[in-house]
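Residue strings, one per chain:
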Amino acid sequence: MKLEIQNGKFGYGGNAVLQDVNFELNTGEIVCLLGKNGAGKTTLFKSMLGVLKPLSGSILLNGKPIEHWNRQQFARLVGYIPQARSLPFPFTVMDVVLFGRTAHLSAFGSPGKRDRILAGECMDLLNITHLQHRTFTHLSGGEQQLVIIARALAQQPAFLIMDEPTSSLDFGNQINIIRQVNALKNNALGIMMATHSPDHAFMCNANVAVVHQGTLRKAGHANDIISEQVLKEIYGVDVKVRPLDDTRLVCVPEV
Ligand SMILES: Nc1ncnc2c1ncn2[C@@H]1O[C@H](COP(=O)(O)OP(=O)(O)OP(=O)(O)O)[C@@H](O)[C@H]1O
C-alpha cells in the first residue's frame, strides 16, 4: 500500500507553509521527518490526514485521492499519534485505548471481547497495563502519551503517522517506543515519525525526509542523508556524526 503526495502545496488561509512537495510512504517502511520548530511538519501531517485541505496538489491512498475515501475506511488504514498535549478525555485508560477500535466496529456496535483482548495486548507492549482503570486526565503527560500510542496500535492501521511521539517520555520509554516502531515496521506497517532527535533515524535504520525552507526534500536512507553539514544547515548547530559499529551512526553534538 502507498500514501502519496503529488505536487502538494500546504498552508493556512491561502498562505503556503510548504510547496512543491512530492513524497511517498510505503508499507514496511519507516520515514523519520526532521525539521526545525515551525518548519511545517505538523502542517504536512494534517494535510496527509485530510484534516487540512491542500492549497493545491493531491494526496492519494492506494492511488485514490484521500477526499474520496469513506472516513471510516480511511481511519482503519491510517492512524495518527498527535503531539503530546493534554487531551480532555475523562475516561478510563482502557476506554481510551478501545477508542482505537472504533473504525473497526459497525455503526452502532460496541467493542467486544476480542477488542478488549487486543487493547490489553497493546497496553502490555507499552508497559501500561497497571494504568488501565485509571482516569486518563489524571495521568502524567508521558503516561498519557503512552496511552495515545496504545490507542493507535489498537487501531491496527496500515500506516501510522506519529508527531514527535517520544517528546514527553522518559529515556526508557523513548527507547521502548523506538523498539515498537521497529517491530511495527517488521509487521509491514508504513510509519512516518516526526522527531527532533536525528539519532532516532539511525536507531530505526529509517529513511529520512527533511522539511526545510518551505519544502520537503532529501528523501533517502538516514546513513546517506544525515551528515554534519545537513544538521548544521537544518538546526544551525555543530554535530559530529560518528560510526557506533559497522552499521549504525550516532550524532554527538558539540557543546
Ligand atoms: N492554524 C494555523 N494557522 C496559521 N498558521 C499556522 C497554523 N498552524 C501552524 N501555523 C504556522 O505554520 C508554520 C508551520 O507550523 P507547524 O506546526 O507545521 O510546524 P512544525 O514543524 O510542526 O513545528 P514544531 O517542531 O515546533 O512542532 C508555523 O509558522 C506556524 O506558525
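Residues numbered from 1 in each chain as written. Predicted model: local features only at pLDDT ≥ 70, side-chain atom pairs only at ≥ 80, totals over all residues. Heavy atoms only, no water.

*Asks:* Would you mind showing me how to read the state of the cysteines here?
*Replies:* By definition, a disulfide links the sulfur atoms of two cysteine residues through a covalent bond. All chains considered together, the criterion is met by zero disulfides. Here C204 stays free of any disulfide, with the sulfur of C32 as its closest cysteine sulfur at 5.0 Å. Given the relative accessible area of 2%, C204 is considered buried. (Disulfide = S-S within 2.5 Å. Buried < 20%, exposed > 50% of the residue type's maximum accessible area, 1.4 Å probe, protein only.)

*Asks:* For this particular structure, what's the right way to read the environment of T102?
*Replies:* By the secondary structure assignment, T102 is in the loop between helix 3 (93-99) and helix 4 (113-125). Residue T102 is classed as partly exposed on the basis of its relative accessible area, which comes to 45%. (Helix = DSSP H or I, 4+ residues; strand = E, 2+ residues; numbered from the N terminus.)

*Asks:* Help me out: how do you make sense of the sheet that holds strand 1 (residues 2-12) in this one?
*Replies:* Within a beta sheet, neighbouring strands are joined by backbone hydrogen bonds and run either parallel or antiparallel to one another. Strand order across the open sheet formed by four strands is 2-1-4-5, with antiparallel pairing between neighbours. Of all strands in the sheet, those with a lone pairing partner are strand 2 (15-26) and strand 5 (64-65), marking the two edges. In the sheet, strand 1 pairs with strand 2 via eight bridges, with the strands oriented antiparallel. Bridge pairing links Y12 to N15 in strand 2. (Pairing = 2+ DSSP bridges.)

*Asks:* Quick question: what am I supposed to make of helix 1 (residues 41-48) here?
*Replies:* For helix 1, the buried fraction is high: six of the eight residues fall into the buried class. Taken together, the buried positions of helix 1 are occupied by K41, T43, L44, F45, S47 and M48. Just downstream of helix 1, G50 is the residue with a positive phi angle, here 80°.

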